[in-house]
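Coordinates in review
Residue strings, one per chain:
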Amino acid sequence: MTAAAADERLARVGLLRRLLIRPELGAVVGAVVVFTFFATQSAVFRSPEGIANWLDPAATLGIMAVAIALLMIGGEFDLSAGVLTGTTGLILVTLATRYGLNVWLAMFVSLVVALGVGLLNGLIVTRTRLPSFIVTLGTFLMLQGVNLGVTKALTGTVQVSGLRRSEGFEAARTVFAGTIQIGGTSFRVAILWWLLVTALATWVLMRSRVGNWIFAVGGSEPAARAVGVPAARTKIALFMTTAVAAWLVGSIMALRYTSVQANIGIGQEFIYIIAAVIGGCLLTGGYGSAIGAAIGAVIFGMADKGIVFLGWDADWFKFFLGAMLLLATLANRLVRRYAEEVKH
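These lines cover the structure that appears in this document, whether it is placed above or below. Source: prediction; values computed, not measured.

Taken as a whole and judged by the stated rule, the model has 11 aromatic pairs. An aromatic cluster is built from Phe35, Phe37, Phe38, Phe45, Trp54, Phe309 and Trp312, whose rings are joined through pairwise contacts.

As structure tokens, then:
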């Protein structure tokens, strides 16, 4: 056999081509464009205080976007992720204020509930073969009903408040919802959680056997099963990972505001998916990046606050979301097609 017959995976690919086939390339370009636009239009936007301002919503959105990206790479969706952030926050505040539990214990209970919801979603999807879109839409509606019904029954309103007076609140708030000083500017601790989640997810995807399983089941589940990949366990774990992220975001928001509205998180699930798509995830699964999803969240944070800094009507943010989704989907399609050509 000749050298030409060597394994194609050993073929050298130039730096430019490696960059062009990276799933997060479009998000990086988009982030640079959005930042440049708002930074040239607003001095506040590019100031340390402005950066802290738009990194804050990017952090909480980014935590969920990264988890949703992992699930989408695995070939599934979770439409209950947004409302689950509200469920976990409501459980935390209710147990701490109505039943006198220490905040840390209340957080643990809400985590167990979140894991249970993720496990249930995963089991139903893998056992029944129903589309995850339908399964998690059902979970979304049930959680929405429970959130509203239980909250009204306990308080007579759609809000639970008073967390500040609960035992363990100050310590928990410092860890999950406090601030840190960098160069005289206050940044939310949630940003550090976001960076940690992104780093961990990136390591799992790129450096672990589990990451190979995630890409495999998202690319072709029958083929993955044929080579011994535990497809069902992988997907269940991904749904539970999304639930943990929802718990983390729900806890951060509850500890920050000390109260929770029963309808919080509704509608956010689509924002998470859009951020993941902007970051390079394909709706068909098997392709994407945790870093890309995190950058997608940055784009949202910059646009959300940048529009305010420029004094524009906030309704333009919705137009921006739609435009970014279409552009990202087209870019991802082109990048994926180019990546397949490079392989061959």
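Now that the structure is up, let's keep going.
All told, the structure shown has five salt bridges when counted by the stated rule. For Lys235, the salt bridge goes to Glu76, with nearest N and O atoms at 2.6 Å. With a gap of 159 residues between them, Lys235 in helix H12 (residues 231-257) and Glu76 in the loop between helix H4 (48-73) and helix H5 (81-98) connect regions that are remote in the sequence. Since its relative accessible area comes to 5%, Lys235 is described here as buried. Residue classification places Glu76 among the buried positions, given a relative accessible area of 9%.

With that settled, the discussion passes to the pairing of strand S3 (residues 185-188). Side chains Thr185 and Phe187 of S3 all project onto a buried face; the interleaved residues Ser186 and Arg188 project onto a face where none is buried. With four bridges connecting them, strand S2 (residues 179-182) and S3 associate as antiparallel partners. Following the sheet pairing, Gln181 is matched in S3 by Ser186. Connecting S2 to the next strand, S3, in antiparallel fashion are two residues, including Gly183 with a positive phi near 60 degrees.

What follows concerns the nonpolar core. Counting 97 residues, the largest nonpolar core has Val103, Trp194, Leu255 and Phe300 as the members making the most contacts within it. Residue contributions to this core peak at 17 residues, all from H4. Once you skip the residues sitting within four places of it in the chain, Phe300 turns out to touch Leu61, Ile271, Ile274, Ala275, Ile278, Phe317 and Leu321.

Roughly 30 degrees is the biggest bend found in H4, and it falls at Leu61. In terms of burial, H4 is a largely internal element, 21 of the 26 residues being buried. In the stretch just after H4, Gly75 is the one whose phi turns positive, near 90 degrees.

Let us look at a nonpolar patch on the surface. Residues Phe37, Trp312, Trp316 and Phe319 make up a contiguous nonpolar surface patch of about 480 Å² in total accessible area. With respect to the helices and strands, Trp312 occurs in the loop between helix H14 (290-309) and helix H15 (316-343).

Quick look at helix H13 (residues 268-278) now. With respect to burial, H13 is a largely interior element, nine of its 11 residues being buried. Among the residues of H13, Glu269, Ile271, Tyr272, Ile273, Ile274, Ala275, Ala276, Val277 and Ile278 are the ones counted as buried. Where H13 ends, the next residue or the one after it, Gly280, has phi of about 115 degrees, a positive value.

With respect to the element layout, Ala67 can be found in helix H4. On the basis of relative accessible area, Ala67 is assigned to the buried category, the value being 4%. The spatial distance from the C-alpha of Ala67 to the C-alpha of Ala172 is 23 Å, given a sequence separation of 105 residues. What Ala67 contacts, discounting residues up to four positions off in sequence, is Thr241, Thr242 and Ala245.

Reading the values: rules and limits
Residues numbered from 1 in each chain as written. Predicted model: local features only at pLDDT ≥ 70, side-chain atom pairs only at ≥ 80, totals over all residues. Heavy atoms only, no water. Phe/Tyr/Trp six-rings, centres within 6.5 Å; stacked < 30°, edge-to-face > 60°. Salt bridge = Lys/Arg side-chain N within 4 Å of Asp/Glu carboxyl O. Helix = DSSP H or I, 4+ residues; strand = E, 2+ residues; numbered from the N terminus. Buried < 20%, exposed > 50% of the residue type's maximum accessible area, 1.4 Å probe, protein only. Pairing = 2+ DSSP bridges. Core = buried A, V, L, I, M, F, W, Y, C linked by side-chain atoms within 4.5 Å. Contact = heavy atoms within 4.5 Å. Bend = angle between axes of the 7 residues up to and from the residue. Patch = residues over 30% accessible without salt bridge, like charges linked within 9 Å, V, L, I, M, F, W, Y side chains within 5 Å. Areas by Shrake-Rupley, 256 points an atom, 1.4 Å probe, with all protein chains shown as cover.

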